[in-house]
Amino acid sequence: MSDFLSKLDRIDRRWLYAFTIILVIIPIVSPLGLPVKVSKPTRDFYNVISSLPEGSVVVYEEGSISGQYDVTRAACLATFKLIFSYPVKFIAFCDSADGPVLLKDMLSMVDPESYGKEYGEDYVIFGLAPGGETATASFATDIRKTYSTDLYGTPIDEIPLMSEINSAENVDLIIQVFVGCYNCDWVVRQWVVPYNTKYLGITSECCTPMIAAYYPASCKAYLPGTIGATEMEILARLPGEGATVSDAKNLGLIPMILFIILGNIAYFRKRFGKEEEK
Amino acid sequence: MSITIKSLIPTLITTIVAIFIIVEYFAPPNAILGEIKGSFTSWAVIIASFTIILGALYLVRFHGLKIIKEGLGSQEGFFSSITLFILVLFVSVGLAFGGTGTSQYNLIYMNIMKPIASITRGICFFYCISAAYRAFKLESWEATSMLVAGVLYSLRQIPIGPAVWSPIESIGDWILAYPNVGATRGGIVATAFGSIIIALRTLYNKELSVKLVSEVE
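Conventions adopted
Residues numbered from 1 in each chain as written. Chains lettered and ligands numbered in written order. Predicted model: local features only at pLDDT ≥ 70, side-chain atom pairs only at ≥ 80, totals over all residues. Heavy atoms only, no water. Disulfide = S-S within 2.5 Å. Helix = DSSP H or I, 4+ residues; strand = E, 2+ residues; numbered from the N terminus. Pairing = 2+ DSSP bridges. Axes fitted to C-alpha atoms, helices over the stretch in contact; angles between N-to-C directions. Contact = heavy atoms within 4.5 Å. Buried area = accessible area lost by both parts, 1.4 Å probe. Salt bridge = Lys/Arg side-chain N within 4 Å of Asp/Glu carboxyl O. Polar contact = N/O pair within 3.5 Å; in protein donor to acceptor, adjacent residues only side chain to side chain. Nonpolar A, V, L, I, M, F, W, Y, C, P; charged D, E, K, R; others polar. pLDDT = per-residue confidence, 0-100. Expected span 1.5 Å × (residues − 1). Buried < 20%, exposed > 50% of the residue type's maximum accessible area, 1.4 Å probe, protein only. Arc of directions from axis to C-beta.

## Structural notes on the state of the cysteines
Residues and elements named next belong to chain A. Evaluation of the coordinates by the stated rule reveals 1 disulfide over all chains. Two residues share a disulfide in this structure: Cys-181 and Cys-207, whose sulfurs sit 2.3 Å from each other. Taking the torsion about the sulfur-sulfur bond, which here is approximately -75 degrees, the covalent link between Cys-181 and Cys-207 counts as left-handed. Of the two residues, Cys-181 sits in the loop between strand 4 (173-178) and helix 8 (184-195) while Cys-207 sits in the loop between strand 5 (198-203) and helix 9 (208-212), which places them 26 residues apart along the sequence. For Cys-76, which is in no disulfide, the shortest distance to another cysteine sulfur is to Cys-94 and amounts to 11 Å.

## Regarding the sheet that holds strand 1 (residues 57-63) of chain A
Residues and elements named next belong to chain A. Across the sheet, which stays open at both edges, the 6 strands sit in the order 3-2-1-4-5-6 with parallel pairing between neighbours. Whereas interior strands pair on both sides, the edge strands pair on one side only; in this sheet they are strand 3 (123-128) and strand 6 (221-224). Pairwise comparison of adjacent strand axes, ignoring direction, gives a mean angle of 15 degrees for this sheet. Across 6 bridges, the pairing between strand 4 and strand 5 is parallel. Its bridge partner lying in strand 5, Leu-173 is registered against Lys-198.

## Some thoughts on the interface of chain A and chain B
Interfaces are often described in size by the accessible area the parts lose on coming together. Taken together, the contact pairs 72 residues of chain A with 57 residues of chain B. Overall, the association of chain A and chain B removes approximately 5,400 Å² of surface from exposure, summing both partners, and the carbon and sulfur fraction of that is 65%. Looking at the side of chain A facing chain B, the largest losses of area belong to Val-101, Lys-145 and Ile-260 of chain A, adding up to 11% of the total buried there. Of the charged contacts, one joins Glu-35 of chain B and Lys-145 of chain A as a salt bridge, the two residues approaching to 2.8 Å between their closest N and O atoms. The interface formed by chain A and chain B includes 13 residue pairs in polar contact (both at pLDDT 80 or more). Ranked by the residues each element gives to the side of chain A that touches chain B, the list is headed by helix 11 (residues 242-277) of chain A, at 17 residues. For the side of chain A that touches chain B, the class distribution of residues is 41 nonpolar, 16 polar and 15 charged.

## Thoughts on unusual backbone geometry
All names here are of chain A. Of the consecutive residues Tyr-215 and Pro-216, the connecting peptide bond is found in the cis state with omega at 5 degrees. Turning to its location among the elements, Pro-216 is positioned in the loop between helix 9 and strand 6. Phi at Asp-111 is positive, roughly 60 degrees, even though this residue is not glycine.

## Here's the deal with the confidence of the model for chain B
Residues with a pLDDT of 70 or more make up 95% of chain B, whose mean pLDDT is 87. Scoring of the predicted complex yields 0.90 for pTM and 0.86 for ipTM.

## What to know about helix 2 (residues 13-29) of chain A
In an α-helix, one full turn covers 3.6 residues, which means residues spaced three or four apart are oriented alike. Residue and element names in this part refer to chain A. Along its 17 residues, helix 2 runs 25 Å from first to last C-alpha, staying within 8% of the 24 Å computed at 1.5 Å per residue. Those residues of helix 2 not exposed but buried are Leu-16, Tyr-17, Thr-20, Leu-23 and Pro-27. All buried residues of helix 2 fall inside an arc of 135 degrees around its axis, so they share one side. Opposite its buried face, helix 2 presents the exposed residues Arg-14, Trp-15, Ile-22, Ile-28 and Val-29, each directed more than 90 degrees away.

Below you can see the structure in the form of structure tokens.
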């Protein structure tokens, strides 16, 4: 036993990696299908969107990056499906360089036309506005000064949807996707405080503690990564990839916790062993 | 370059712009101030766009010099040439087919950039596991509370946690809603105060970091 514990303290990290890979693969090959209970932030997220009056304007700020795309995509897809099933207007813009491509990829998966939405009339996509919080502020203050054309080069004044929309004053709801944990501050400072716009957030699991600080006063609700996506899929009855990713994460996290426990056993054995020697 | 151009003019521009932005933010709605703020923020977006071009030029310069110095046969030169090739490929496809909104750009992006980024992210997960094994030791009360809260919250975030032990759900939610929110809000307020102090020092041309940048350049 003592020999095993000393070996444990010097375990090769490749064994940890191999063990983790095996545990991540298991639920992908054979899904566990464990029950998921819908949390309050997700329920609020659904309620805010489903209670939007007809003709409401929803702005979507895409701030994800390709490295985090797999984490945020399921939640975004569930949100898009929900929004397009209601008679609301949808305007998307990007604050990350990867945003336009990721946004186009997701919209091609959702296919707004299948929900009876027409580009330019019901939804529009704008490209990248660099500058972080300044871009968020610029879009809130004056859309026409931020963008002269949409992502496809159509002048903004030729887009019917934009004819009566030019600032946060004409917007009913902003949904921000962010993976830099402090980026939720941008919308709170530039949209919620000056214009009192309703704000919903979509983020990764690791940034959830940050947006939770603004919930429910400044941020009306949020989807915390893939578990949030899974909950949304269940609540809105929109089957998607969230459940699959959450399933894979189930066993993926187990080795981390297991090795923390084993690491501590080895640590205490070493520590108390030294004290006994003294 | 004189101190006027290096330090005084940038500070003057920063101060004038900041005063308008601050006044517009805190004053009651005013069309003229709103118009000025709109112009300033849209200029900032344009300036930020030029920094992307500048970044690309620095990238070409850095890797170009490396290829010249090390040669294409060396390992560093080889990787630098791949970086430059990818840059040229993306810029060419973007320019040739009409920007980043085209299916051609989407195709190369989703098949080159996205897999690389996902793999990098995936590797981080494995490093996290290795780091957690070696670093998360119950050495002090602070480390213990961090470890216990982290493990409980992580277990709440995956379906298997509540499925195995149902109280984990309310424990995880409590950790997120109370200790986390208290600490995070404290952090946000402290950061805001720090930002105000740095902003005031910058406006008065007393901020050392701005001065040091001017001196270095």
